[in-house]
Each structure stands twice: as C-alpha cells, then as structure tokens.
Amino acid sequence: MSRRKRACPRRSSASEPQRTCVQCGAVREKGGLLRIAGKPGVGWAPDPGGKLPGRGIYLCPVGECVDRFAARIRTPKGGARWKMGVAGKELADRLVASRCGGQGM
Ligand SMILES: [Zn+2]
C-alpha cells in the first residue's frame, strides 16, 4: 500500500525555474545560484551569466558551498560524479579564485 503524494507544481508565484544546490541541497531560483556549465568528460567552467550550453551544476553563491564543492571535485571520487577528471582540479581553482576576487583577503 503506497500512497502517492502529488507534488504541487506551483508554489506561490515562482516565475523563474528552480534549481537545487548540489552541495547543500537548498532550492533556489535559478538566478540565485551560481551555475557551472559543461559536459561530463569534456570540461566545465563557471557560468555566472547562465549562458553557456551544456549541463549545469548549481551552487549557492554565498556561504561554504563553493569552497566545499571545490574541495570535493579536487578528489577523483568527488569529480567522478560529473566525470570531471583533471578538469575538476582546474575548475576548483577557478571557483576559489573567482570567489576570493574582490573580497580583499
Ligand atoms: Zn548550497
């Protein structure tokens, strides 16, 4: 006996599509998350404008999600989920660099 819950497709008046942060699972409007675009096995790049083609990985732009995600994809196991391989380290460096830019640390 399984009761199926029907997911309510519309909550309030969300006009923007929503995405889930791959690190903490927070659901936000697409524009409120940092997008990383790319293709598994090919390459990935930060895509703050959300314009690049390919698959998207979404992260909270503030907080620890970027740092944690970067640390995760530096390891072969963490990057394997998106078939990042060596590109994972590169991407991690770019993410951390872009995050620290302009913060005067
Ligand atoms: Zn997050």
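The following paragraphs examine the structure supplied in this document. (Residues numbered from 1 in each chain as written. Predicted model: local features only at pLDDT ≥ 70, side-chain atom pairs only at ≥ 80, totals over all residues. Heavy atoms only, no water.)

### A few points about the coordination of the zinc ion
A metal bound by six donors in octahedral fashion has ideal angles of 90 or 180 degrees, whereas one bound by four tetrahedral donors has an ideal angle of 109.5 degrees. Taken together, Cys21 (SG), Cys24 (SG), Cys60 (SG) and Cys65 (SG) make up the protein donors of the zinc ion, found 2.2 to 2.3 Å from the metal. Seen from the zinc ion, its four donor atoms lie at angles of 107 to 115 degrees, and the figure they make is tetrahedral. Along the chain, the residues donating to the zinc ion are arranged with the sequence spacing C-x2-C-x35-C-x4-C. With respect to class, Cys60 is no different from Cys65; both count as buried. (Donors = N, O, S within 2.8 Å, 3.2 Å for Na, K, Ca; no water. Tetrahedral: all angles 85-135°; square planar, octahedral: opposite > 155°, others 65-115°. Buried < 20%, exposed > 50% of the residue type's maximum accessible area, 1.4 Å probe, protein only.)

### Describing the environment of Val27
Here Val27 shows up in strand 2 (residues 27-29). Spatially, the C-alpha atom of Val27 lies 9.7 Å from that of Tyr58, the residues being 31 residues apart in sequence. (Helix = DSSP H or I, 4+ residues; strand = E, 2+ residues; numbered from the N terminus.)

### Considerations on the nonpolar core
By size, the foremost hydrophobic cluster in this structure holds 19 residues, and its most contacted members are Ile36, Phe69, Ile73, Met84, Leu91 and Leu95. Among the elements that line this core, the one with the most residues is helix 1 (residues 65-73), at five residues. (Core = buried A, V, L, I, M, F, W, Y, C linked by side-chain atoms within 4.5 Å.)

### With respect to the pattern of salt bridges
Opposite charge on two side chains permits pairing when their charged atoms draw close. A complete count under the given rule lists three salt bridges for this structure. Its salt-bridge partner being Asp93, residue Arg74 comes within 2.8 Å of it at the nearest N-O pair. Of this pair, Arg74 sits in the loop between helix 1 and helix 2 (76-80) while Asp93 is found in helix 3 (residues 87-100), placing the two residues 19 residues apart along the sequence. (Salt bridge = Lys/Arg side-chain N within 4 Å of Asp/Glu carboxyl O.)

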